[in-house]
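Fold and geometry: a report
Here are the chains, one letter per residue:
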Amino acid sequence: MRTGVKMGMLFLAALAAVLLGIGVGSVYVPPGDILAIVTGRIFHMPLPDHIPANYSVMVLDMRLPRVLLAFLTGAALSVCGGVMQSLLQNPLASPFGLGVSSGAGLGAALVIVLGGTLTGLGTFLLPAVSLSFALGTVFFVLFLSAKLDRRMSNVTVILVGMVVSLFCNAVMSLLATGSPAHAQRIQLWQLGSFSMREWSAVWALLPVTAVVFLYFLRYAGELDVMTFGEEQASAMGVDLRRVRGRLMTAVAALTGTAVAFVGIIGFVDLIVPHIARRFFGAAHRRTLPASALIGGMFLVLCDLAARTLTPPHEIPIGSITAFLGAPFFLYLFFGRRKDG
């Protein structure tokens, strides 16, 4: 089957997942009614008589921003995961291994504990601080890696990232222990959630996702070469240190932005790139768009399961992705050892 046909089928599947995520809930809204509500808002047209007026508020102000934010978050994390696995030539690599999630989590924990004394950014205070800490953590990992190893080998970057991530997690635990009143909120943020998210989060994440995605596509050729190893890439003229630094910074910016709004969501960036490469090959001009669509669809369906499996209670989205991702991680790890 040609790549264009497969990509078209994937796009239709992603659209179906979005419509399913919007339509299913305490009240079912058919796809036709969803399209009528959305087009009515865009073109200022009256709703058909058979659609209750409260459906418009439910779809446009509650379900649609939540589903779109889930799709954007899944796309962002999946694309970043694919880039990291190519940069580090490690199928188990992910942005969180660089300390992005732990750094963002530390920033969020500080805001939660000290938020009463911090003003100026309003509802964007926590996302802004989380993103700043995520970027700062990655810069520190790259700086320390360069100090320890001038070549900044993949092993050095991974090990330094793990150490920094563990340190940030330890500080978060100390903050939660020292502030029992905020411990539950810190824990919930670390598990991730799309509940009560508004359009402001969608409009903040959308441009960052689009710009960084295009930036990744610009380096698709270098990423293709880097998958063959550091020596091969250097022999073909790729400046590993420069390219790795730029792309890791972009990964941190996109992952940090997504995590800052919805909390930590693991395993999406690990699972989806492997699925994309399985069906679309190794070329990044194909796998990056495929990862974005598959990741968005995957997280929309996970969020749908999180809010419908145990009504009226909602399961943290991170628990759903971990439930699916942990066996996949073991399969990759032990399958790789068996092949070796």
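What this report covers is the structure whose coordinates are included nearby. Since we're looking at a predicted model, the values are computed, not measured. (Residues numbered from 1 in each chain as written. Predicted model: local features only at pLDDT ≥ 70, side-chain atom pairs only at ≥ 80, totals over all residues. Heavy atoms only, no water.)

1. Notes on the packing of aromatic side chains
For any pair of aromatic rings, geometry is given as the distance between the ring centres together with the angle between the planes. Going through the model one piece at a time under the given rule, you end up with two aromatic pairs. Between the aromatic rings of Trp199 and Trp203, the centroid separation amounts to 5.5 Å while the plane-to-plane angle is 20°, which identifies the pairing as stacked. Placement of the pair is Trp199 and Trp203 together in helix α8 (residues 199-218), with a separation of four residues, close to one helical turn. Accessibility expressed as a relative area gives 24% for Trp199, which makes it partly exposed. (Phe/Tyr/Trp six-rings, centres within 6.5 Å; stacked < 30°, edge-to-face > 60°. Helix = DSSP H or I, 4+ residues; strand = E, 2+ residues; numbered from the N terminus. Buried < 20%, exposed > 50% of the residue type's maximum accessible area, 1.4 Å probe, protein only.)

2. Description of the pattern of salt bridges
Should the charged atoms of two oppositely charged side chains come close, the side chains can pair. A complete count under the given rule lists four salt bridges for this structure. A salt bridge links Asp303 to Arg66; the shortest N-O distance between them is 2.8 Å. One end of the pair, Asp303, is in helix α13 (residues 284-308); the other, Arg66, is in helix α3 (residues 53-87), and 237 residues separate them in sequence. With respect to class, Asp303 is no different from Arg66; both count as buried. (Salt bridge = Lys/Arg side-chain N within 4 Å of Asp/Glu carboxyl O.)

3. Considerations on the packing of helix α1 (residues 3-23) against α13
Between two packed helices, the angle of one axis relative to the other and the distance separating the axes together describe the packing. Contact geometry of α1 with α13 gives a least axis separation of 9 Å together with a crossing angle of 20°. Classified by the angle between their axes, α1 and α13 sit roughly parallel to one another. The two elements α1 and α13 cross, and the hand of that crossing is left-handed. Taken together, the residues of α13 that come into contact with α1 (itself represented by Thr3, Met7, Leu10, Phe11, Ala13, Ala14, Ala17, Val18, Leu20 and Gly21) are Arg286, Pro289, Ala290, Leu293, Ile294, Met297, Val300, Leu301, Leu304 and Arg307. Taken together, the residues that form the contact of α1 with α13 break down as 16 nonpolar, two polar and two charged. (Axes fitted to C-alpha atoms, helices over the stretch in contact; angles between N-to-C directions. Parallel < 35°, antiparallel > 145°, perpendicular 65-115°, else oblique. Left-handed = near helix turned anticlockwise from the far one by under 90°. Contact = heavy atoms within 4.5 Å. Nonpolar A, V, L, I, M, F, W, Y, C, P; charged D, E, K, R; others polar.)

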